[in-house]
Amino acid sequence: MKNKTTTTLLALFLGIFGIHRFYLNQIFLGILYLLLSWTCFSIFIGIIDALIFVCMSEEKFNNKYNSIKTGTKLNCSGCGLELTFMSTPSFGGGKLKEGGRVCRDCFKKIVKINASFGMKSKVKYNVNDVKKLLDPKHNNSNSIENSIIEVSETLFNITIDKEQDNHDIPYWSHVYVYSYNDLNYANKDQKKFYFKFKDHFLKGENIPIDGNTNYAFILYFDLLKEYEKHNDIQLLEQQFKQLGECCPKTKSYALDALRNLLRDKGDPESLEKAIELQDDRYQYEYGFSDYDPDAYKLGRLYKEKLDLNKQQVSWLNKFYNPSNVFLSIEGCCIATINYYLLILKELSKQLKKNHTTLAKEIKLLKEQVLLHYKEESQYQWGSYELGYYSSEIENNLYLNIFKKAENEVRNLFGHKRKISAEFPYQYAETAFEDKIGIALVQIMEEMKLQISSPDHQTQIELNAQNVNRWKTFFNQLKIKLIEGNQKEFILGITDLEKVNQKNPNIEHIFYEASKAIAKQNQIVALQYYAKYIYYDLKSKKIDNKPINKTLQKLLFKTDEQLSSFREIISQLILNKDIKLTLNQITKIYEPKRKKIVLDIQAIKKVEAKHSDTVELLNQYLINDETTSNIEVYDTKNEKTTTIKEFDTKKDASIFIQALVLSEMQKEVLFKIAKNDFSVSMGQIEILAMEKGMFKNQLIDSINDSCAEFLDGEALIEEEDNSYIIEESYYNELLK
């Protein structure tokens, strides 16, 4: 027992040397004080320690410095077991109010009965309380508690069966176990439990050890010791697997031991088994590791979804998931998986006819590559290197076939970018082609017809990745439109719109569609352009491409139609109501009739006043074939409309009859035609100025007049500083 007064005096007078710490069996602190004794710092620490001991109560001093230590003889207040450092609860647990203490086993039992004992044993519990808690009569752990609970005048009979604890596990503080001989450090109860644990284990039963791993590691060394007698490696493997289920921490140790024993045996079968044990997949499947190397491989990921059999899962787990942008789309990944499995299934059938298997051929190729590696390496290979490279080569051979399958699916899905699928081992390429490659190409060609087309969601994702993918399908639709299948073109554009909803460049589909169908269907062309504006407004970058002049002339016969369309587009930009816009466009080409009101009374007055003049004019008209004008007066708008009639006999021309050109326009055309269909802009500008016009105004007026007869194309075009005419266009305008 340590005395408080003695400790205080030692701290006050010899604290500089840490003597009071040695007195309290605090050896480490004593040495530290001694090392610091040459400094003034230790003097102050000794004085401070003395003051602390003076202020400390006798009870607190005893609890802190007179507690159970290694070798101190004190018996447990519960079971009477002699307490030692190994048998007392950790962190000062189990101390009682009157100074007694309980052993670890009693401490665990009491805590199970009353959890508050763990934190408040020193405050609330004495020796009598402990004995009552441990008395079977007072607390029967095997009893059945019957309770009647009354709730709202309804009686519920609740019977609770308390689980019977068949195995009291003596606590064994964790230590590193290096051999079976470490069992000698266990106490009597621990040894007794170990042999019970081993007996059940050998019968195939695992007793829970509640984290007391020392028991499992002692058994681990015990099994190795028994192996030296029976020398049955298979039995030892089964025992190690069972031990790993009981205590997972033993798995890695058991695996290393098993591999070493197999290598020591030296026979080919044992060496092959040792190589297998290096495979992570084998370790997981046979319980030697919690790490699943196939957790993220295609076989494991799609086993249930695609209802794959064991062989198909194995083929897909031969390589790590080759994740890329294309395979990130589930529809593309599933199509590639199905095609890959179909190829290997058919390849296996053909190889079977030749009295071999795919696994054998892959193994032969693997051995050929390994031999090349060994010849090139400058050091001796061990089993680890052999296992690693063997697995790596096999993975690459299967992955190469998968990549070939993926490229074929990419091609059929309209994905232009391909991945590299070159054979990874040049020195074995000839052997691969002879054994597998030629047959593989033939099978892939036959089987690609069974690749299903991408579904709607897959199409959407593909078009989001490749924003120009739609052009391939659009060009096919254009061919159908040229062949006269307008309905199929329109339906195709509708489908393209649906599968390009995530495409940031969707608006360009409708701009090109508008140009393509302008000659066949003006209303649809304008609707497509409206959709171009609608999607363009939603895009990050607004292009706002206008309808070019050639298409304007083809789509709009009057300025009024063009003005109406511009108004509709302006409203679309404001309200973004595409349905309303499409409906309004259908009314652009509806004829707009003017109501003409004739004043009959005014006509009669004029007839009466100028009857002689009218008669004289009629005679002139009969005798002279001239141009006559009919004027209609619109009383509502106060506007006179003149309808000009031409006498085709007198107005003879080299141009077709329906083409109406002014003399000045004809003069320009004659000038360009006579000058080999090309004339400088300066000459036209002089001619236009003589007539009081601008050259561009004059040229546009000619193109406007001729566009109707040239399918909307411009007759006169600019080239450098000249105006030119396509001779074939000019000839179309001649009689």
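Thresholds, definitions, all that
Residues numbered from 1 in each chain as written. Predicted model: local features only at pLDDT ≥ 70, side-chain atom pairs only at ≥ 80, totals over all residues. Heavy atoms only, no water. Helix = DSSP H or I, 4+ residues; strand = E, 2+ residues; numbered from the N terminus. Contact = heavy atoms within 4.5 Å. Pairing = 2+ DSSP bridges. Axes fitted to C-alpha atoms, helices over the stretch in contact; angles between N-to-C directions. Phe/Tyr/Trp six-rings, centres within 6.5 Å; stacked < 30°, edge-to-face > 60°. Buried < 20%, exposed > 50% of the residue type's maximum accessible area, 1.4 Å probe, protein only. 1 Å grid on protein atoms, 1.4 Å probe; cavity = no way out; pocket = protein on both sides within 12 Å on 5 of 7 lines; lining within 4 Å. Points joined across faces, edges and corners; volume = space filled by probe spheres on them. Nonpolar A, V, L, I, M, F, W, Y, C, P; charged D, E, K, R; others polar. Core = buried A, V, L, I, M, F, W, Y, C linked by side-chain atoms within 4.5 Å.

Draft legend 1. Fine view of the side chain of S514. Secondary-structure assignment places S514 in helix α24 (residues 507-517). What S514 contacts, discounting residues up to four positions off in sequence, is A525, Y528 and Y529.

Draft legend 2. A look at the sheet that holds strand β8 (residues 716-719). Reading across from one edge, β7-β9-β8 is the order of the three strands in this open sheet, with antiparallel pairing throughout. Bordering the open sheet on either side are β7 (678-680) and β8, each of which pairs with just one other strand. Within this sheet the neighbouring strands show an average axis-to-axis angle of 30°, counted without direction. One ladder, built from four bridges, connects β8 with strand β9 (residues 722-725); its direction is antiparallel. Bridging from a neighbouring strand, E719 pairs with S722 of β9. Strands β7, β8 and β9 of the sheet are contacted by helix α31 (residues 663-674), whose axis makes an angle of about 90° with β9. In this fold helix α33 (residues 695-707) packs onto β8 and β9, with an angle of close to 135° to the strand it touches most, β8.

Draft legend 3. Spatial organisation of the packing of aromatic side chains. Enumeration over the complete set of coordinates arrives at 29 aromatic pairs. Centre to centre, the rings of F510 and Y528 are 5.9 Å apart; their planes meet at 55°, and the pair counts as tilted. With F510 in helix α24 and Y528 in helix α25 (residues 522-538), the pair connects residues that are 18 residues apart, well separated along the chain. The exposure classification of F510 matches that of Y528, with both residues buried. For the ring pair F655 and Y730, a centre distance of 6.1 Å and an interplane angle of 85° mean the geometry is edge-to-face.

Draft legend 4. Highlighting empty space enclosed by the protein. The tally for this structure, following the rule as stated, stands at two cavities of 30 Å³ or more. Roughly 40 Å³ of volume is contained in the second largest cavity. Lining of the second largest cavity is provided by Y511, S514, K515, Y529, P546, I547, N548 and L551. When residues in the lining of the second largest cavity are grouped by element, the largest group, three residues, is from α24. A per-class count over the lining of the second largest cavity returns five nonpolar, two polar and one charged.

Draft legend 5. Up close: the nonpolar core. Among the nonpolar cores identified, the biggest contains 49 residues, and Y340, L347 and L358 are the most heavily contacted of them. Taken together, the elements giving at least two residues each to this core come down to α15 (298-302), α16 (310-316), α17 (330-353), α18 (358-376), α19 (383-412) and α20 (429-447). Considering each element in turn, this core owes the most residues, 12 residues, to α17. Residues within four places of L358 in sequence aside, it is in contact with W315, L344, L347, S348, L351, Y398 and I436.

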